[in-house]
Amino acid sequence: ANAERPKVVFVLGGPGAGKGTQCDNIVREFGFVHLSAGDLLREERNTPGSQYGELIDQRIKDGLIVPVEITCKLLVTAMEKSGKNKFLIDGFPRNKDNLDGWNKEMGEKVELLFVLFFDCPLDVCIQRCLKRGAAGSGRTDDNEESLKKRINTYNNDSLPIIKHFEAQNLVRRIEADKSPDDVFAEVKTLFQNV
Ligand code: UP5
Ligand code: MG
C-alpha cells in the first residue's frame, strides 16, 4: 500500500522567495501538481458565499496564518480532484498548528519526499514583493505594512517548522537569491530521481 501513497514535497521559504516561480518550472519538467496554499485560500476568499471569506481576507492582509482546518481541507480537496499522485505543496505548513493538523489528517496517507526550502535574504524577499505589488499584482499583502507582518510571522512561526524538518534530515536547501534560471538549475538536481 505504501507504494500507492501520494508523494508530497513541501515547498517553503519567505514571502517572495520564489516558491511559486520554481513550482511552475518543476511542474513543466517533472509532472508534479502544484498546490499553492496561498492561491487556494485566495480562491476560497473570492468564492461568493464562502463562510471563510472574511476571515481569510483579514488574515492575509495581516500576514497571519489561517487555521489549519480550512487550509488542510482545501489542499486535500485539490489533491483528490487532481486525480494525480505527485504534489508540490507550496507555502504550507507554515506554523505548528498547520503541521499538527496536517500530520493528524494526512501524515499516514502520503509519502513526504522532502522539504524544498528556498533560502532568501529577507530584504530581497521584501523588494521582490514590493516590485510585484507596484507592477499590479492585486495582492492585498504586497505592501510595506503587510510585508512587515508577513516577515514577522515567517521568523516567529514558519522558521521553527523548517528547523523541525531539518532535524529530521528532510530539508533540501536552495539559495534563492539568484536568477530564476540559476535557481532552477539547482532545483532540478533534486527531482532527477523522484
Ligand atoms: N521572482 C521570483 N523568483 C525570482 C528570482 N530568482 N529573482 C528575481 N525575482 C524573482 O515570486 C515573488 C516575486 O518575485 C514575483 O514577482 C517573481 O516574479 C519574482 P514568487 O515565485 O511568487 O514567490 P513566492 O515565494 O511564491 O511568494 P509569495 O508572495 O507567494 O509567498 P508567500 O509565502 O508570502 O505567499 P503565500 O501565497 O504562500 O501566502 C500568502 C498568505 O496566505 C500568508 O501570508 C498567509 O496569510 C496565508 N496563508 C495561510 O494562512 N496558510 C497557508 O498555508 C498559506 C498561506
Ligand atoms: Mg507563492
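Everything here concerns the structure above.
Rules behind the numbers
Residues numbered from 1 in each chain as written. Chains lettered and ligands numbered in written order. Predicted model: local features only at pLDDT ≥ 70, side-chain atom pairs only at ≥ 80, totals over all residues. Heavy atoms only, no water. Helix = DSSP H or I, 4+ residues; strand = E, 2+ residues; numbered from the N terminus. Expected span 1.5 Å × (residues − 1). Buried < 20%, exposed > 50% of the residue type's maximum accessible area, 1.4 Å probe, protein only. Arc of directions from axis to C-beta. Contact = heavy atoms within 4.5 Å. Axes fitted to C-alpha atoms, helices over the stretch in contact; angles between N-to-C directions. Parallel < 35°, antiparallel > 145°, perpendicular 65-115°, else oblique. Left-handed = near helix turned anticlockwise from the far one by under 90°. Nonpolar A, V, L, I, M, F, W, Y, C, P; charged D, E, K, R; others polar. Disulfide = S-S within 2.5 Å. Phe/Tyr/Trp six-rings, centres within 6.5 Å; stacked < 30°, edge-to-face > 60°. Salt bridge = Lys/Arg side-chain N within 4 Å of Asp/Glu carboxyl O. Near = heavy atom within 4 Å. Polar contact = N/O pair within 3.5 Å; in protein donor to acceptor, adjacent residues only side chain to side chain.

Asker: How would you explain helix α6 (residues 122–134) if you had to name every residue and give the values?
Answerer: Between its first and last C-alpha atoms α6 spans 18 Å; for 13 residues at 1.5 Å apiece the expected length is 18 Å, and the two agree. Looking at α6, one finds that the buried residues are Val 124, Cys 125 and Cys 129. Here the buried residues of α6 occupy an arc of 130° about the axis, which is enough to place them on one side. Residues of α6 that are exposed and point more than 90 degrees away from the buried face comprise Asp 123, Lys 131 and Ala 134. In the core, the buried residues of α6 are packed alongside α7 (144–167). Downstream of α6 by one or two residues, Gly 136 has phi in the positive range, about 90°.

Asker: Give me the packing of helix α2 (residues 37–45) against helix α3 (residues 53–61): which residues, what numbers.
Answerer: Contact geometry for α2 and α3: axes closest at 8 Å, N-to-C directions at 135°. In terms of axis orientation, α2 runs oblique to α3. Considering only the axes of α2 and α3, their crossing is left-handed. Along the contact surface, α2 presents Leu 41, Arg 42, Glu 44 and Arg 45, while α3 presents Gly 53, Ile 56, Asp 57 and Ile 60. Across the contact of α2 with α3, the residue classes tally to three nonpolar, one polar and four charged.

Asker: Requested: an account of the state of the cysteines, with residues and values cited.
Answerer: According to the stated counting rule, one finds zero disulfides in the structure shown. Free cysteine: Cys 120, not disulfide-bonded; nearest cysteine sulfur from Cys 125 at 4.0 Å. Cys 125 provides the cysteine sulfur closest to Cys 129, a residue in no disulfide bond, and the two sulfurs are 6.7 Å apart. The exposure class assigned to Cys 129 is buried, which follows from its relative accessible area of 1%.

Asker: I'd like a rundown of the packing of aromatic side chains, residues and numbers included.
Answerer: The full count for this structure, using the stated rule, is seven aromatic pairs. Relative to Phe 191, the ring of Phe 32 has its centre 5.3 Å away and its plane inclined at 85°; by these criteria the two rings are edge-to-face. Taken together, the residues span a long stretch of sequence, with Phe 32 in the loop between α1 (19–30) and β2 (33–36) and Phe 191 in helix α8 (residues 180–191) at a distance of 159 residues. What makes Phe 191 buried here is its relative accessible area of 1%. An aromatic cluster of at least three residues, connected via ring pairs, comprises Phe 10, Phe 92, Trp 102 and Phe 165.

Asker: Account for the pattern of salt bridges, naming residues and giving values.
Answerer: Under the criterion given, the structure shown has 14 salt bridges. Here Arg 150 makes a salt bridge to Asp 141, at a shortest N to O gap of 3.5 Å. With relative accessibility at 10%, the residue Arg 150 sits in the buried group. The class for Asp 141 is buried, based on a relative accessible area of 5%. In this structure, the salt-bridge partner of Arg 150 is Asp 142, at a minimum N-O distance of 3.1 Å. The pair formed by Arg 150 and Asp 142 is uniform in burial state, with each residue classed as buried. Salt bridges sharing common partners tie together Arg 132, Arg 139, Asp 141, Asp 142 and Arg 150.

Asker: Please give an account of the site of ligand 1 that cites residues and values.
Answerer: Inspection of the region around ligand 1 gives 30 residues, with Thr 21, Leu 64, Arg 132, Arg 150 and Lys 178 positioned closest. Gly 91 is positioned such that a nitrogen or oxygen atom in its backbone is 3.3 Å from an oxygen atom of ligand 1. At 3.3 Å from a nitrogen atom of ligand 1 is found a side-chain nitrogen or oxygen belonging to Arg 128. Of all the elements in the fold, those that place two or more residues in the shell around ligand 1 are α1, α2, α3 and α6. Per-element accounting of the shell around ligand 1 gives the leading share, four residues, to α2.

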